[in-house]
Amino acid sequence: MKKILNLIFSSKATLILLIIFTIAIGVATFIEEVYDTTSAKLLVYNAKWFEFTMLLLVLNFIGSIKKYHLLRKGKITGFLFHFAFVVIIIGAGITRYIGFEGMMHIRQGESSQTIYSADPYLSIKATEGAENYSYHNPALIGAAAKNSFDTKIATKNNGSIDIRFKDYISNGVESYEEGNEDGPTLIELTISDGSHKDVLYIEDGKVKESHGFPISFNNSERAEALNITGTPGELYMSYPVAAVKTAQMPEMTTGLIPKDSLAEFKPKHLYAPKNTKISIVLTNSFESAKLKYVSGEGDAKGQDLMIMEVDFKGKKQEVPLIRDKNGTGNFQKVNLDGIDLQMAYGLSKIELPFSIKLNKFILERYAGSNSPSSYASEVTLIDERKGTSKDHRIY
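Presented here is an overview of the structure given in this document.

Calculation notes
- Residues numbered from 1 in each chain as written.
- Predicted model: local features only at pLDDT ≥ 70, side-chain atom pairs only at ≥ 80, totals over all residues.
- Heavy atoms only, no water.
- Phe/Tyr/Trp six-rings, centres within 6.5 Å; stacked < 30°, edge-to-face > 60°.
- Helix = DSSP H or I, 4+ residues; strand = E, 2+ residues; numbered from the N terminus.
- Buried < 20%, exposed > 50% of the residue type's maximum accessible area, 1.4 Å probe, protein only.
- Pairing = 2+ DSSP bridges.
- Axes fitted to C-alpha atoms, helices over the stretch in contact; angles between N-to-C directions.
- Left-handed = near helix turned anticlockwise from the far one by under 90°.
- Contact = heavy atoms within 4.5 Å.
- Nonpolar A, V, L, I, M, F, W, Y, C, P; charged D, E, K, R; others polar.
- Salt bridge = Lys/Arg side-chain N within 4 Å of Asp/Glu carboxyl O.

## A short note on the packing of aromatic side chains
Item 1. On inspection of all chains with the given rule, the structure shows 13 aromatic pairs.
Item 2. A ring pair is formed by Y168 and Y345, whose centres lie 6.3 Å apart and whose planes are at 80 degrees; its orientation type is edge-to-face. In this pair, Y168 is assigned in strand β5 (residues 160-178) and Y345 in strand β21 (residues 339-365), connecting sequence segments 177 residues apart.
Item 3. With a relative accessible area of 23%, Y168 lands in the partly exposed category.

Pasting the structure below:
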């Protein structure tokens, strides 16, 4: 034991540990720059080997203080150097294991007592008759990390529910393919207003808008809508407002469909209603569509989502858990025999026992420049339980 302690307290160990620490920080910065912050957390900052390195550094510095008698007069500089590192690392450890990070959004003149966690959480709620089950834990997903986790909910009367991570899709957008016997009939359109393209999916019997232009599929509720009728493989269109110019691709052979006339609606044809900037192309059609999510390309604006696999009584199903624009998640219901299961993935909402009012947000800029030089917030901490109200300035 004495040999081990002497090795840990040695100058050679100090040098090696500091080299490891420096390399680790450099690698983490590279990972964060190339991939994302979450990957840096998973692979370095939150990794057990990094925590163990920090523990050895603390022991090494404490041991060095004693071994080299740094508390003596004349060695106070060396003591302060070693003690500062010990305090920094212990403080970081307290924050890591006891504290938590969060974000609070407050508009000037308003107050809030709600924060959102810095890390996303996987939340599961299950109800079986009078029995309730829950799961709420952080679920970090990194682009460069090997993402794999699962959990099990053991119910009282129906066995266990196995829930596993399957995939994470960044900037996910809806896409469809054939293959679901109970899936809806729908058409896929590409719509452009001259500056921006949208992909629009319309189910049989529905009406949707793109760029403010209404399009219906076997639905006559909107008299001004461009109406598409029929079934996949035999589709027709009519537009009661104006004539529609057509162009067959790739030859771009042009034509004209008179106002309120019925015409065949074909793939590889461009349809441009007159007096609008809209152009429409039939991209695909599905008789029994199966929804899937893919990463959006170009200027497609999607949402991040996690795909979970639920295994119950030998039946597996995929459940997409979508994060909204604020990073929070909405609970998705999962149909299980005899159990009401709901899951969500996103930032966790945390209610605080006090509120903070933002009185003034101060932004200072460098002279002659729009670049910010400093930020400050003048806030009031309000605790109604204790009847206290204190002003603070946050830099």
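Past the structure itself, the notes keep going.
## Concerning the sheet that holds strand β12 (residues 244-248)
Item 1. If you walk across this open sheet you meet the six strands as β7-β6-β16-β15-β12-β13, and the pairing is antiparallel. In this open sheet, the two strands that pair with only one neighbour each are β7 (197-203) and β13 (253-257). On average, each strand axis in the sheet is tilted by 30 degrees relative to the strand beside it, whichever way the strands run.
Item 2. Note that strand β15 (residues 269-273) and strand β16 (residues 279-286) share two bridges and pair antiparallel. Counterpart to Y271 in the pairing with β16 is I280.

## Examining the packing of helix α4 (residues 48-67) against helix α5 (residues 76-97)
Item 1. Across the interface, α4 lies against α5 with an axial gap of 9 Å and an inter-helix angle of 150 degrees. In this structure, α4 meets α5 at a crossing whose hand is left-handed. Note on element contacts: α5 touches α4 through F79, H82, F83, F85, V86, I89, R96 and Y97, opposite E51, M54, L57, V58, F61, I62, S64 and I65.
Item 2. The class makeup of the residues in the contact of α4 with α5 is twelve nonpolar, two polar and two charged.

## Some words on unusual backbone geometry
Item 1. P250 follows M249 through a cis peptide bond whose omega is 5 degrees.
Item 2. Of note, the phi angle at H211 is positive, near 55 degrees, even though the residue is not glycine.
Item 3. Checked against the element boundaries, H211 lands in the loop between β8 (206-210) and β9 (213-217).
Item 4. The exposure class assigned to H211 is partly exposed, which follows from its relative accessible area of 30%.
Item 5. Despite not being glycine, K313 has its phi angle at roughly 55 degrees, a positive value.
Item 6. Examined against the element boundaries, K313 turns out to sit in the loop between β18 (303-312) and β19 (315-322).

## Re the pairing of strand β10 (residues 226-231)
Item 1. Bridge count for β9 against β10 is three bridges, and the pairing is parallel. Looking across to β10, one finds that I215 is bridged to L226.
Item 2. Relative to strand β11 (residues 234-238), β10 runs antiparallel, the two sharing five bridges. When the bridges of β11 are listed, T229 appears paired with Y236.
Item 3. The antiparallel pairing of β10 with β11 creates a hairpin that spans two residues between the two strands, and G233 there sits at a positive phi of about 95 degrees.

## Concerning the pattern of salt bridges
Item 1. This structure, assessed with the given rule, holds 14 salt bridges.
Item 2. Notably, a salt bridge pairs E131 with K156, separated by 3.9 Å at the nearest N-O pair. Residue E131 is located in strand β3 (residues 131-138), and its partner K156 is located in the loop between β4 (150-154) and β5; the two are separated by 25 residues in the primary sequence.
Item 3. Overall, the relative accessible area of 30% leaves E131 in the partly exposed class.
Item 4. Between R385 and D383 there is a salt bridge, and its shortest N-O distance comes to 3.3 Å.
Item 5. Owing to a relative accessible area of 59%, R385 belongs among the exposed residues under this scheme.
Item 6. The exposure class of D383 is buried, given its relative accessible area of 8%.
Item 7. Put simply, K48, E51 and R96 are held in one network by salt bridges that share partners.

## Points about the sheet that holds β10
Item 1. Pairing is mixed across the open sheet formed by five strands, whose spatial order is β8-β9-β10-β11-β14. Both edges of this open sheet fall to β8 and β14 (263-264), since each of them pairs with a single strand only.

Function cannot be inferred from these measures alone, as they are strictly geometric.
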